[in-house]
Amino acid sequence: MSDIRNFLQKKRKIELSPSSINEGNHDIGDLSNLSTNISNSSQQKEEPQLLHQLTVGANKLDIGLYLNSYVDDELRLKLLKDPWVPSKTYDFKKDLTNGSTRAHEISIWHKDAINASQHFLNSKERKQLSVHEQIDSAFNREIEENRLKLRSIISSILFCAKHDLPLRGKNDEGSVFTDLLQFRVESGDEILNKHLKSGAKNALYISHEVQNELIKTCANVLRQNIIEEVKLSSVFSVLADETADISGTEQLSIGVRYLFYDVKFQKHKICEEFFGYSPLTKLDSKSIAKTIIEFLESCNLDLNRLVGQGYDGCATMAGHISGVQKLINEAYPMALFFHCTSHVLNLVFNDLNNRESTLRRQIIPNIPLLCETRWSAKYKSIRIFADNFIVIVKALEELSKSTANSKTKIKSYQLFTAATTPVFIVTLQVIAVYSAKFEPVCNLLQQVNINLKTVNNHITKLVDILQLYRNDSSTEFSVLFAKSKEIAEELDVEIRPPRVAARQSQRSNHPSTNHEEFFRISIFVPYLDSVISSLKVRFSKIHNQSFSLMDLHPYAMKNMSKEQFICTSNDIVKLYGNILSSNFVTEATTWYEMWNNDTKPLDSIEYLDLIEMSQDFYPAVADAIKIGATLPTTTCSIERSFSTLRRVKTWNKATMNDDRLSGLCMMSVHRKRLGEDTKFIENAIEEFGKKPRRLQLLFKK
């Protein structure tokens, strides 16, 4: 048969030598396929002349050898660019005489083969994309466009969340979210414009159901970023506090305290991060403890690394028999409880009564109300109230006489009468002065990077100062009494002791020779004694075994003998031996000896700086210092989330579900973190696209 197709498919018995294969400087590869064809050639009859022509210059790159074989792209490219051709003595005229060559040239399959081979060469030479690449390219363009659509939608949600704006109104029409999308369209977002106008109505991704899902997704991505940081730290503490939202649902605010290595500044820093809200159906200690544990477990945190619990002092949370802290400590013995020091300091002082209504604020200075959660605001409020006391009393007197409202007149007169008593005036001056002294300490206690040693030092110094005032009460009180007399004279009030009955049945009279001594003995001295006693009692709880971690500071070690320090090291091992190296006591002893031989000042060294100083040669000591820095001192970071809760869930949004509330609060509290994370939206799209969606959002991997 002279047809070229049959010619290419013929099985030829050819004995090839290495020299004949190498002829033409072509590459030599695996000739197994060729050998197989040669072994099966006994069934074919070949003309002697043709056999001779094929033998001369026979080569691996003969396309006829691969018609029924698998050929990879690399070999296919060689066959097309550098194929084997017959010798110059080959008689092509004989093939042309029977017309088979002409028929082959005009056949459809030959033309298709030529086109296919040309496309293949162009794609390999990058002159054009392959069919698969063209399909993938179109697919990728579609995904990229879909992601841009969703990016605009998520960006609008983030804007509303970071600025505590309501996404919805009474309905979706005219809502902040809808208007914000329209604003983006008017600003030139053509992809979003096309999506909203011509996109499938069931795949616009702007309904409130999808909003909820996107909010939850963003919150999960944000929380996961924090969780990854917590996992990089060696240990962590849990912080929690409870409050009721506007609809009456009890919300448990949960957060963590941990150490994070800041690559930018190349040092460790203490982080206290809000994790979200968990609604409470029951307020007993078992339910709350279970909620905290399940929440942390859902975050995939290793609770065997939990070393501290930070709550307020209510019996449900802090109870030493069946409180939340006790239940969690029984399950995880290293998780010791620490009463929030800001709560402790606040409990030392008595609260004042709430004052006046907004209708009467025009005649008195703008005085902030007492805040039950922002301690510094409470001290500031007392100070401002004392500074404007005279103006307030005169305003009350005017209201008690001139106002037409009988209830207002009666209330004003009662307040005026109470405020113009000598006892009230003197007591106010005493409380105002010492509230001002505690205000800087309160602000200091709210800092994230403060540790138990710093708290103890400040409270100890504060108690010492108050004790000096107590010892020299005559001199200290004389200044306050003179100020009280000036105020009383301006208000036309006589400073004198209250009337004393001839026969006291409940208590004896205060012995005094003058008015100043009476008020000093009856008000000033008891007040200082109460403050000093309360500070000592309430802050004595920090002197527990865990405080021994602070003795790893060089300044503390200077005041300890070697025997005392070894006992302290053993106490640390008893508490945290499960996560500390078995070589800790030996390392700590060497650490002690090194610093005791140092002559430079040690009190200025920051506790966190010790981590960098110890981690190379004293890794176990570094781990112990990390635990000490992680122990919670206050719950101020968690309580700040309550302000966000008040702004996010208002009367107009009282029906908001819990997932939406927690997600919006997460993004509001962590607005700075969102602004710094340039990949946050892309990560949120990746997470959102993992579920089946009408719009394809994920690239093929």
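A.B. asks: Would you mind going over the overall build of the protein chain with me for this structure?
C.D. replies: The number of helices and strands found in the protein chain is 32 helices and five strands. Put simply, the protein chain has 701 residues, and 45% of those count as buried. Excluding contacts between residues fewer than 6 apart, the proportion of contacts in the protein chain whose partners are at least 24 apart in sequence is 71%. Surface summary for the protein chain: the accessible area is close to 38100 Å², and the carbon and sulfur share equals 52%.

A.B. asks: It is not clear to me how the packing of helix α10 (residues 176-186) against helix α11 (residues 190-198) should be interpreted in this structure. Could you clarify?
C.D. replies: Two numbers describe a pair of packed helices, the interaxial angle and the distance between the axes. Here α10 crosses α11 at 125 degrees, and the two axes come no closer than 8 Å. In terms of axis orientation, α10 runs oblique to α11. Along this stretch, α10 crosses α11, giving a crossing that reads as left-handed. Residues Leu181, Arg184 and Val185 of α10 touch α11, and the partners they reach there are Leu192, Asn193 and Leu196. When its residues are assigned to classes, the contact of α10 with α11 shows four nonpolar, one polar and one charged.

A.B. asks: Is there a simple way to explain the pairing of strand β2 (residues 250-262) in this structure?
C.D. replies: Moving residue by residue along a regular strand, the side chains alternate between the two faces of the sheet. For β2, a buried count of 11 out of 13 residues is recorded, marking the element as mostly surrounded by other parts of the structure. Where strand β1 (residues 236-244) folds back on β2, the antiparallel hairpin that results is connected by five residues, among which Gly248 adopts a positive phi of roughly 90 degrees. Note that β2 and strand β3 (residues 267-280) share 13 bridges and pair antiparallel. Looking across to β3, one finds that Ser253 is bridged to Tyr277. Counting the residues in the hairpin turn of β2 and β3 gives four residues, including Gln266, whose phi is positive at 55 degrees.

A.B. asks: Could you clarify how one ought to interpret the nonpolar core in this entry?
C.D. replies: Looking at soluble globular proteins, one finds that nonpolar side chains tend to be buried together. Core analysis: the largest hydrophobic core is formed by 41 residues, its most contacted members being Leu150, Ile153, Ile154, Leu158, Leu214, Leu664 and Met667. Among the secondary structure elements, those contributing two or more residues to this core are α9 (131-162), α10, α12 (208-232), β3, α29 (636-648), α30 (658-669) and α32 (680-688). In terms of nonpolar packing, the next biggest core, distinct from the first, is built from 40 residues, Ile390, Leu396, Leu428 and Ile523 among them.

A.B. asks: It is not clear to me how the confidence of the model for the protein chain should be interpreted in this structure. Could you clarify?
C.D. replies: Note that predicted coordinates carrying low pLDDT should not be read in detail. Predicted confidence across the protein chain gives a mean pLDDT of 79, with 76% of residues reaching 70 or more. Low confidence marks residues 1-58, where pLDDT is under 50. Its contacts with residues over four positions away, or in another chain, come to 69 contacts. Ignoring residues within four places in sequence, the model shows residues 350-366, a span with pLDDT below 50, making 25 contacts including any to other chains.

A.B. asks: What's the story with the sheet that holds β3 in this structure? I'm lost.
C.D. replies: As a general point, the strands of a sheet are linked pairwise by backbone hydrogen bonds and lie either parallel or antiparallel. Strand order in the open sheet formed by five strands is β3-β2-β1-β4-β5, with mixed pairing between adjacent strands. The sheet is open, and its two edges are formed by β3 and β5 (336-339), each paired on a single side. When the angles between neighbouring strand axes are averaged without regard to direction, this sheet yields 25 degrees. Note: strand β4 (residues 306-311) against β5, four bridges, orientation parallel. Within β5, the residue paired with Tyr311 across the bridge is His339. Taken strand by strand, α12 contacts β1, β2 and β3, and its axis lies near 135 degrees from that of β3.

A.B. asks: Sorry, what's going on with the packing of α12 against α30 here?
C.D. replies: In the contact formed by α12 and α30, the axes pass within 8 Å of each other and the chain directions differ by 50 degrees. Viewed along their axes, α12 and α30 adopt a mutual orientation that is oblique. As α12 packs across α30, the resulting crossing turns out to be left-handed. Mapping the contact onto sequence places His208, Gln211, Asn212, Ile215, Lys216, Cys218, Ala219, Leu222 and Arg223 in α12 and Asp659, Arg660, Ser662, Gly663, Leu664, Met666 and Met667 in α30. Looking at the contact of α12 with α30 residue by residue, the classes come out as seven nonpolar, five polar and four charged.

A.B. asks: Before we go on, may I ask you to explain the pairing of β4 in this structure?
C.D. replies: Counting buried positions over the six residues of β4 gives six, a clear majority of the element. In this structure, β1 lies alongside β4, joined through four bridges in parallel fashion. For Ser237, the partnering residue across the bridge sits in β4 and is Gly308.

A.B. asks: How should the packing of aromatic side chains be read in this particular structure?
C.D. replies: For any pair of aromatic rings, geometry is given as the distance between the ring centres together with the angle between the planes. Inspection of every chain in the model, using the stated rule, returns 13 aromatic pairs. With 5.4 Å between their ring centres and 70 degrees between their planes, Trp591 and Tyr618 make a pair best called edge-to-face. Placement of the pair is Trp591 in helix α26 (residues 584-596) and Tyr618 in the loop between α27 (609-614) and α28 (619-630), with a sequence separation of 27 residues. For Tyr618, a relative accessible area of 12% translates into the label buried.

A.B. asks: It is not clear to me how helix α19 (residues 406-419) should be interpreted in this structure. Could you clarify?
C.D. replies: Think of an α-helix as turning once every 3.6 residues; residues three or four places apart then point the same way. Here α19 spans 20 Å end to end across 14 residues, near enough to the 20 Å set by a 1.5 Å rise per residue. For α19, every residue scored as buried is listed here: Thr408, Ser412, Phe416 and Ala419. Around the axis of α19, the buried residues are gathered within 70 degrees of arc, so they sit on the same side. Facing away from the buried side of α19 by more than 90 degrees, the exposed set consists of Lys407, Ile410 and Tyr413.

Cut-off values and rules
Residues numbered from 1 in each chain as written. Predicted model: local features only at pLDDT ≥ 70, side-chain atom pairs only at ≥ 80, totals over all residues. Heavy atoms only, no water. Helix = DSSP H or I, 4+ residues; strand = E, 2+ residues; numbered from the N terminus. Buried < 20%, exposed > 50% of the residue type's maximum accessible area, 1.4 Å probe, protein only. Contact = heavy atoms within 4.5 Å. Areas by Shrake-Rupley, 256 points an atom, 1.4 Å probe, with all protein chains shown as cover. Axes fitted to C-alpha atoms, helices over the stretch in contact; angles between N-to-C directions. Parallel < 35°, antiparallel > 145°, perpendicular 65-115°, else oblique. Left-handed = near helix turned anticlockwise from the far one by under 90°. Nonpolar A, V, L, I, M, F, W, Y, C, P; charged D, E, K, R; others polar. Pairing = 2+ DSSP bridges. Core = buried A, V, L, I, M, F, W, Y, C linked by side-chain atoms within 4.5 Å. pLDDT = per-residue confidence, 0-100. Phe/Tyr/Trp six-rings, centres within 6.5 Å; stacked < 30°, edge-to-face > 60°. Expected span 1.5 Å × (residues − 1). Arc of directions from axis to C-beta.

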